[in-house]
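Take a look at the letters that make up each chain.
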Amino acid sequence: MVVGSQTPSVAASAQSGNKRKGGAANKVFLAGPSEADLQRNADLEKFLVDSGLYETEEEAEKRQEVLGRIDQIVKAWVKQLTRLRGYTDQMVEEANAVLFTFGSYRLGVHGPGADVDTLCVGPSYVNREEDFFIILHDLLADMEEVTELQPVPDAHVPVMKFKFLGISIDLLYASISLLVVPEELDISNESVLHQVDEQTVRSLNGCRVADQILKHVPNVEHFRTALRCLKFWAKRRGVYSNVTGFLGGVNWALLVARVCQLYPNAIPSMLVSRFFRVYTLWRWPNPVMLCPIEEDELGFPVWDPRKNPRDRLHHMPIITPAYPCMNSSYNVSISTLRVMIEQFQFGNKTCEVSG
Ligand SMILES: Nc1ncnc2c1ncn2[C@@H]1O[C@H](COP(=O)(O)OP(=O)(O)OP(=O)(O)O)[C@@H](O)[C@H]1O
Ligand SMILES: [Mg+2]
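Residues numbered from 1 in each chain as written. Chains lettered and ligands numbered in written order. Predicted model: local features only at pLDDT ≥ 70, side-chain atom pairs only at ≥ 80, totals over all residues.

Under an unreviewed UniProt entry, the name given to the protein chain is polynucleotide adenylyltransferase, and the source organism is Linum tenue. Quoted verbatim from the Subcellular location (unreviewed entry) field of the UniProt record, the comment on the protein chain reads "Nucleus". The record held by UniProt for the protein chain lists under Sequence similarities (unreviewed entry) the comment "Belongs to the poly(A) polymerase family." (UniProt positions renumbered as here; feature names shortened; annotations may be inferred.)

Visitor: Could you give me a rundown of the site of ligand 1, with the residues and numbers involved?
Guide: In the region of ligand 1, 16 residues are neighbours, and Gly103, Ser104, Gly206, Gly249 and Ser328 sit closest. At the level of elements, helix 5 (103-107), helix 7 (198-216) and helix 9 (249-262) are the ones that each hand at least two residues to the shell around ligand 1. For the shell around ligand 1, the element with the highest residue contribution is helix 7, accounting for three residues. Taken together, the residues of the shell around ligand 1 sort by class into five nonpolar, nine polar and two charged. Two domains share the shell around ligand 1, each providing at least three of its residues, namely domain 1 (3-30 + 217-353) and domain 2 (57-209). (Near = placed C-beta within 6 Å. Helix = DSSP H or I, 4+ residues; strand = E, 2+ residues; numbered from the N terminus. Nonpolar A, V, L, I, M, F, W, Y, C, P; charged D, E, K, R; others polar. Domains from an automatic or database assignment.)

Visitor: Explain the sheet that holds strand 2 (residues 116-122) to me, and be specific about the residues and the numbers.
Guide: Read across the sheet, five strands follow the order 1-2-5-4-3 without closing on themselves; strand pairing throughout is mixed. Lying at the two open borders of the sheet, with one neighbouring strand each, are strand 1 (98-102) and strand 3 (146-152). Across the sheet, the mean angle from the axis of one strand to that of its neighbour is 25°, orientation sign disregarded. The pairing of strand 2 with strand 5 (residues 167-175) spans seven bridges and is classified as parallel. Paired with Asp117 across the two strands is Asp170, which belongs to strand 5. (Pairing = 2+ DSSP bridges. Axes fitted to C-alpha atoms, helices over the stretch in contact; angles between N-to-C directions.)

Put into structure tokens, the structure is as follows:
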């Protein structure tokens, strides 16, 4: 397909997403479940459990315990740095770091053995380059609970990967422009983005996006079950992977969340079949969005094919719902899109046949 031929439709649909609701892709269906739907849903839920997609209570407790330990470690690390930098005793007393989770764990759709994506938010005087990637790194390296420690400072989103008591952790760091980080910090508030660089915005946005997804779906439990099912399906069909040009966890979450918005009273089995119908009919590159794209005086670049020629090259735009809104699926190519459409059609046929 000629790239230029996509421009008007992407631009027009981005605009229509901003300015008005309407058209088949935005129509909301209010129907609830029939008796047959309820039965299919019970079968679906049993199938997901039988397929081993849920972790045991023991494993869930272990993750909680590990997160509690990491929280203590980052708090002690910030306190120690505050003392070393010669701040007052009161500052040392108040010094704080806060740990947030995001990704599949935060969304409540992680399976046994999944990694936990975490973000540490620290004060303005604790930086990523040295304090996080050298001092905290060395502290972790000395702990016997920590194995496979692997810093990746040059990534698009810098991350420290490790296992803590066998649980895989991806730890990001964001230094915000406050001297003291309150324990109850509201990460959804745009004020956290004041005076931070783009790497920090990206680091903060995993959490901000997860929060927004959960806020934008009409029924979180139904969303979770449908998403678990569709992630399992995507893995089985070989279309689950960001790096190979297909879709990863956050992309599938956004696609499912949009279907939840279009069918607010549907239960998970209905959401799965509607998912295939909606995306079999979707006219890419029309973007999938949970909310309008907002501009802001902070001035970070947002996805806008009318302004940014690069955004016009995106074949399957799936837009993140937190400012600054970006396309989460820039890796998708014409050929991987074609494969996914075939899979959506296959899923749609299967659901139609089984009623
Ligand atoms: N392309 C992307 N655009 C925006 N955010 C992304 C992108 N890739 C990853 N992220 C952020 O990082 C988080 C963790 O990514 P990850 O690949 O671990 O997905 P996940 O949703 O946790 O699914 P999984 O069950 O595969 O771990 C995502 O939920 C998202 O917030
Ligand atoms: Mg993850």
